[in-house]
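Here is what each chain is made of, one letter per residue.
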Amino acid sequence: MPAGLPGFVHSALGNRNLAAAPEVSLAPSQTASHWLGKHCLAWGDCRRLSAQMNKNSYNIMALTPNTSNKRETVCIFGTGDFGRALGHKLIQSGYPVVFGSRNTQTPSLIPKDAEVLSHTEAAQKAAIIIIAIQRQHYSFLTSLAEILHGKVLVDVSNNLKINQYPESNAEYLAQLVPGAKVVKAFNTVSAWALQSGTLDASRQVFVCGDDMEAKQMVMDIVRALGLTPLDQGSLLAAQEIENYPLQLFPMWKFPILLSLGLVAFFFFYSLIRDVIYPYVYESKDFSFFIAISIPNRICPIVALILLALVYLPGVLAAIIQLYRGTKYSRFPDWLDKWMLCRKQLGLVALAFAFLHVLYTLVIPIRSFVRWRTSNKILSLALKNETELLNTTNAWLSDSYLALGILGFSLFFLLGITSLPSVSNNVNWREFRFVQSKLGYLTLILCTAHTLVYGGNRFLSPSSYRWYLPNAYMLSLIVPCIVLVVKFVLIFPCLDKPLTRIRQGWERNPQYPDKSNYIINKSAV
């Protein structure tokens with residue numbers, strides 16, 4: 001094509017026999033229109049030809065049958081809640097649906113566009129059969145083994161207990177009907193989610209199976225329903241998929257139990273110091289502290305400890321890697337599990353910090369606080385005294401509040417960036433900067449907030465009731481350990497070897513020549 005010709009001219013000329021056209025080279029003074037006038041069409045002819053081609057193409061497209069909307073029939077064995085909801089969703093997505101049931105009379109709950117037949121007749125009408133019945137009723141399928149041979153059977157069942165049977169329901173189904181192609185899917189989606197349009201539920205559907213073609217057919221149906229298929233591999237993954245809906249907050253179990261344990265410990269600890277001790281030695285009833293004062297003391301303590309526990313496993317992992325001199329050695333199982341639930345630990349810590357903020361906001365309207373303030377004012381008035389402003393205490397008070405506000409703000413930012421909708425929109429370096437650098441800054445600010453709150457009361461003998469230190473002193477143990485060890489690890493003498501280890505260097509490589517070659521090549 002000569003230089004300078006418009007694209008639509010090239011498309012118009014594409015329908016002519018250009019093979020016979022002589023090869024032409026344009027002089028610098030010649031234009032494309034000159035070349036067209038001599039060897040091809042005029043500009044007006046090209047535009048008319050292009051318009052005629054568009055018209056003809058439109059007519060050809062209009063006469064072509066639209067086969068993209070044609071979908072194959074799907075059979076569903078079972079007319080229960082899930083079977084009906086899935087059938088209704090399939091009909092909405094354009095799939096012809098036929099139900100296989102013991103009772104061939106059409107119930108009122110069945111979608112009106114669906115057909116209800118016997119299991120044998122329904123199976124003969126579809127290549128994909130969704131088994132929406134419980135495992136204990138699978139036995140009748142053996143009598144249909146010949147009809148089901150070569151068909152795709154989609155097992156959607158769940159059990160009542162984790163690992164209830166030696167094998168998964170899908171594997172059991174494959175044993176009953178060995179000639180069928182069994183695929184596990186849809187067991188993580190509820191009937192309610194299908195009826196509500198999946199707007200208020202998870203869109204992920206785990207899919208597994210041994211036959212790739214059958215699995216792809218099922219995943220196409222999943223996509224047509226507006227869901228997201230996740231390929232989990234072969235049918236061996238079916239038992240794990242079946243156990244997934246039965247797990248109750250698996251990653252939250254340790255953080256929640258740990259936080260409840262800390263709450264219980266510090267509640268009784270504060271109860272002894274702040275309620276029982278004054279009642280025994282001073283005959284004062286401070287039992288109402290249980291409502292506001294003690295919770296407002298427990299929440300920041302638990303939040304600070306949990307925040308420190310988010311970063312403690314990373315510090316321990318760095319020490320282990322430095323000790324071993326390699327990153328290719330597996331961490332202990334307890335450390336692996338700890339590192340996997342750091343996000344949940346941080347979110348639980350944020351919840352306690354948020355409760356601390358709410359409890360602090362209601363302090364001025366408490367009856368006890370108003371009584372104490374008015375009593376102090378009256379006492380000074382009766383004595384005709386004026387209490388001078390202590391600038392040191394004013395500095396400590398303002399610094400304590402400022403550190404708390406800054407710490408909670410960064411804490412809230414960490415919580416926001418951990419949400420999938422936010423973390424998916426940042427790259428790894430940005431996410432690591434927020435969660436690591438700003439995370440340690442948050443821990444420093446919250447620890448300083450607690451230290452300034454204590455002031456010089458650490459050395460006051462009256463702070464130790466029954467030789468028990470104030471609860472906030474105990475909350476500083478873990479954060480201070482994490483910060484001190486992290487401070488040591490950033491020294492160049494430790495940071496450089498740790499960085500090299502994490503880049504693949506080994507102190508005692510198993511294969512020296514190969515290891516050095518890999519490192520030298522990566523350095524280039």
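So, here is what we can say about the structure in this document. From a predicted model like this one, the values you see are computed outputs, not experimental measurements.

Details of unusual backbone geometry
Item 1. For Asn384, which is not glycine, the phi torsion reads 55° and is therefore positive.
Item 2. For Tyr467, which is not glycine, the phi torsion reads 60° and is therefore positive.
Item 3. Take Tyr467: it is sitting in the loop between helix H18 (428-454) and helix H19 (471-475).
Item 4. Residue Tyr467 is classed as exposed on the basis of its relative accessible area of 79%.

Section: the pattern of salt bridges
Item 1. All chains considered together, the criterion is met by 14 salt bridges.
Item 2. Its salt-bridge partner being Lys125, residue Glu115 comes within 3.2 Å of it at the nearest N-O pair. With Glu115 in strand E3 (residues 115-117) and Lys125 in the loop between helix H5 (119-124) and strand E4 (128-131), this pair connects stretches of sequence that are ten residues apart.
Item 3. On the accessibility criterion, Lys125 (45% relative accessible area) is partly exposed.
Item 4. Within the structure, one salt-bridge network assembled from shared partners comprises Arg273, Asp274, Arg297 and Arg465.

Quick notes on the pairing of strand E8 (residues 228-231)
Item 1. Here strand E7 (residues 204-209) runs beside E8; their pairing, made up of four bridges, is parallel. Residue pairing in the sheet places Val207 in a bridge with Asp231 of E8.
Item 2. Crossover E7 to E8 through helix H9 (residues 212-224) is right-handed.

A few points about a positive patch on the surface
Item 1. A cluster of basic residues, Arg429, Arg432, Lys437, Lys486 and Arg502, forms a positive patch at the surface.
Item 2. Sort the elements by how many residues they give to the positive patch and H18 lands first, with three residues.
Item 3. Along the chain, Arg502 turns up in helix H21 (residues 492-502).
Item 4. Classification of Arg502 as partly exposed rests on a relative accessible area of 41%.

Quick look at the environment of Gln136
Item 1. Within the secondary structure, Gln136 is located in the loop between E4 and helix H6 (145-148).
Item 2. Spatially, the C-alpha atom of Gln136 lies 9.7 Å from that of Asn169, the residues being 33 residues apart in sequence.

Let's talk about helix H4 (residues 81-92)
Item 1. With twelve residues, H4 extends 17 Å from end C-alpha to end C-alpha; this agrees with the ideal 16 Å at 1.5 Å per step.
Item 2. Among the residues of H4, Phe82, Gly83, Arg84, Ala85, Leu86, Gly87, Lys89 and Leu90 are the ones counted as buried.
Item 3. On its buried face, H4 is in contact with strand E1 (74-77), strand E2 (97-100), E4, helix H8 (191-195) and H9.

Describing the packing of aromatic side chains
Item 1. One pass over the full model with this rule turns up 24 aromatic pairs.
Item 2. Ring geometry for Tyr311 and Tyr440: centres 4.7 Å apart, planes at 45°, overall tilted. With Tyr311 in helix H12 (residues 293-324) and Tyr440 in helix H18, the pair connects residues that are 129 residues apart, well separated along the chain.
Item 3. By relative accessible area, Tyr311 is classed as buried at 9%.
Item 4. Accessibility expressed as a relative area gives 13% for Tyr440, which makes it buried.
Item 5. Within the aromatic cluster, the residues linked to one another by ring pairs are Phe286, Phe288, Phe289, Phe368 and Trp371.
Item 6. Its end group placed over the ring of Tyr165, Arg135 keeps NZ or CZ at 3.8 Å from the ring centre.
Item 7. The aromatic ring of Tyr172 is capped on one face by Arg135, whose charged end is 4.2 Å from the ring centroid.

Criteria and thresholds
Residues numbered from 1 in each chain as written. Predicted model: local features only at pLDDT ≥ 70, side-chain atom pairs only at ≥ 80, totals over all residues. Heavy atoms only, no water. Helix = DSSP H or I, 4+ residues; strand = E, 2+ residues; numbered from the N terminus. Buried < 20%, exposed > 50% of the residue type's maximum accessible area, 1.4 Å probe, protein only. Salt bridge = Lys/Arg side-chain N within 4 Å of Asp/Glu carboxyl O. Pairing = 2+ DSSP bridges. Right-handed = clockwise from strand over helix to strand, strands pointing away. Patch = residues over 30% accessible without salt bridge, like charges linked within 9 Å, V, L, I, M, F, W, Y side chains within 5 Å. Areas by Shrake-Rupley, 256 points an atom, 1.4 Å probe, with all protein chains shown as cover. Lys, Arg positive; Asp, Glu negative; His and termini not counted. Charge placed at Lys NZ, Arg CZ, Asp CG, Glu CD. Expected span 1.5 Å × (residues − 1). Contact = heavy atoms within 4.5 Å. Phe/Tyr/Trp six-rings, centres within 6.5 Å; stacked < 30°, edge-to-face > 60°. Lys NZ or Arg CZ within 6 Å of the ring centre and 35° of its normal.

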